[in-house]
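Summary of structural features
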Amino acid sequence: MALLPILRYPDERLHCQAAPVERVDEEVRKLARDMAETMYAAPGIGLAATQVNVHRQVIVIDISEERNRLVTLINPELLAREGEQVCEEGCLSVPGIYEKVSRAERVTVRALGLDGEPFTLQAEGLLAVCVQHEMDHLQGRIFVEYLSRLKQVRIRGRLAKQARITA
Ligand code: GNR
Ligand code: NI
């Protein structure tokens, strides 16, 4: 197991498109295990491979309080979306910033599991938010891009200041 370094906004590599996984082999399973360890350590409720600078379509999510409901999504495809919800979002790649984002209330996603078998996930509420947030990462999109230009400029300023303090 290994903790992986997480890219921080504004890093251009967060805007890379992730390629589909061709075969769910031991290398992909190791990546997913390391991502889960990194997510739990952070701590966060989800992590996309993009955030650890691996541009393959792999996501881990665990929204449970007990931290024992790990979901791994490989090559996720959005089959359906319904409704709308607004949730205050954060991101391990945008530390300390929390902003409201509007997303679908329910989504249906088809993905491969760690065994390489396809399955369908129906998600609502926070799980649906997290699935959409992570699928955005795989497409190189960060939640702050849904905010106004002014807010984006302010967030970049705050992160640059934080980086100077921690350096
Ligand atoms: O840990 C996380 N919390 C969170 C809260 C509200 C909406 C989305 C998220 S995902 C985030 C972890 C992360 O950055 N995943 O990409
Ligand atoms: Ni994120």
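Residues numbered from 1 in each chain as written. Chains lettered and ligands numbered in written order. Predicted model: local features only at pLDDT ≥ 70, side-chain atom pairs only at ≥ 80, totals over all residues. Heavy atoms only, no water.

**So, the side chain of N75**
Considering the arrangement of structural elements, one finds N75 in strand 3 (residues 71-82). A polar contact of 2.7 Å, which involves the side chain of N75, links it to the backbone nitrogen of V21. (Helix = DSSP H or I, 4+ residues; strand = E, 2+ residues; numbered from the N terminus. Polar contact = N/O pair within 3.5 Å; in protein donor to acceptor, adjacent residues only side chain to side chain.)

**Here we look at the coordination of the nickel ion (ligand 2)**
Protein coordination at the nickel ion (ligand 2) comes from C91 (SG), H133 (NE2) and H137 (NE2), with a distance range of 2.1 to 2.3 Å. Here the donor residues of the nickel ion (ligand 2) are spaced in sequence according to C-x41-H-x3-H. Pair noted here: C91 is in the loop between strand 4 (85-89) and strand 5 (99-103) and H137 is in helix 2 (residues 125-138), with a separation of 46 residues, a long-range link. Taking relative accessible area as the criterion, C91 reaches 9% and is therefore assigned buried. For H137, a relative accessible area of 1% puts it in the buried group. (Donors = N, O, S within 2.8 Å, 3.2 Å for Na, K, Ca; no water. Buried < 20%, exposed > 50% of the residue type's maximum accessible area, 1.4 Å probe, protein only.)

**So, unusual backbone geometry**
Y9 connects to P10 through a cis peptide bond whose omega is -5°. Note that P10 resides in the segment before helix 1 (26-41). Residue P43 is reached from A42 by a cis peptide bond, and omega for that bond is -5°. Along the chain, P43 turns up in the loop between helix 1 and strand 1 (46-48). Even without glycine at this site, N53 takes up a positive phi of about 65°. Within the element layout of this structure, N53 appears in the loop between strand 1 and strand 2 (58-61).

**Observations regarding the pairing of strand 6 (residues 106-112)**
As paired elements, strand 3 and strand 6 share 6 bridges and run antiparallel to each other. Across the sheet, the residue bridging to E77 is R110, located in strand 6. Where strand 6 lies against strand 7 (residues 118-124), 7 bridges are found, and the strand directions are antiparallel. In the strand pairing of strand 7, T108 is matched with Q122. Two successive antiparallel strands, strand 6 and strand 7, enclose a turn made up of 5 residues, where G116 displays a positive phi of approximately 80°. (Pairing = 2+ DSSP bridges.)

**Focus on the pattern of salt bridges**
Inspection of every chain in the model, using the stated rule, returns 11 salt bridges. The salt bridge involving E26 is made with R33; its shortest N-O contact spans 3.2 Å. Taking the relative accessible area as the measure of exposure, E26 reaches 46% and is therefore partly exposed. In this structure, the salt-bridge partner of D136 is R103, at a minimum N-O distance of 2.9 Å. With a gap of 33 residues between them, D136 in helix 2 and R103 in strand 5 connect regions that are remote in the sequence. (Salt bridge = Lys/Arg side-chain N within 4 Å of Asp/Glu carboxyl O.)

**A look at the pairing of strand 4**
The alternating pattern of strand 4 places Q85, C87 and E89 on a buried face and V86 and E88 on a face that is not buried. Where strand 4 meets strand 5, 5 bridges bridge the pair, whose relative direction is antiparallel. Following the sheet pairing, Q85 is matched in strand 5 by R103.

**Considerations on the site of ligand 1**
Residues in contact with ligand 1 amount to 13 residues; listed here are only the nearest, I45, Q51, L92, E134 and H137. I45 has a polar backbone atom sitting 3.0 Å from an oxygen atom of ligand 1. Within the side chain of H137, a nitrogen or oxygen atom sits 2.9 Å from an oxygen atom of ligand 1. When the free accessible area of ligand 1 is taken as 390 Å², the share hidden by the protein chains comes to 90%. Because more than half of its atoms lie within 2 Å of the grid, ligand 1 is assigned to the largest pocket. Mapped by element, the contributors of at least two residues to the shell around ligand 1 are strand 4 and helix 2. When its residues are assigned to classes, the shell around ligand 1 shows 4 nonpolar, 6 polar and 3 charged. (Near = heavy atom within 4 Å. Areas by Shrake-Rupley, 256 points an atom, 1.4 Å probe, with all protein chains shown as cover. 1 Å grid on protein atoms, 1.4 Å probe; cavity = no way out; pocket = protein on both sides within 12 Å on 5 of 7 lines; lining within 4 Å. Sits in = over half its atoms within 2 Å of the grid points. Nonpolar A, V, L, I, M, F, W, Y, C, P; charged D, E, K, R; others polar.)

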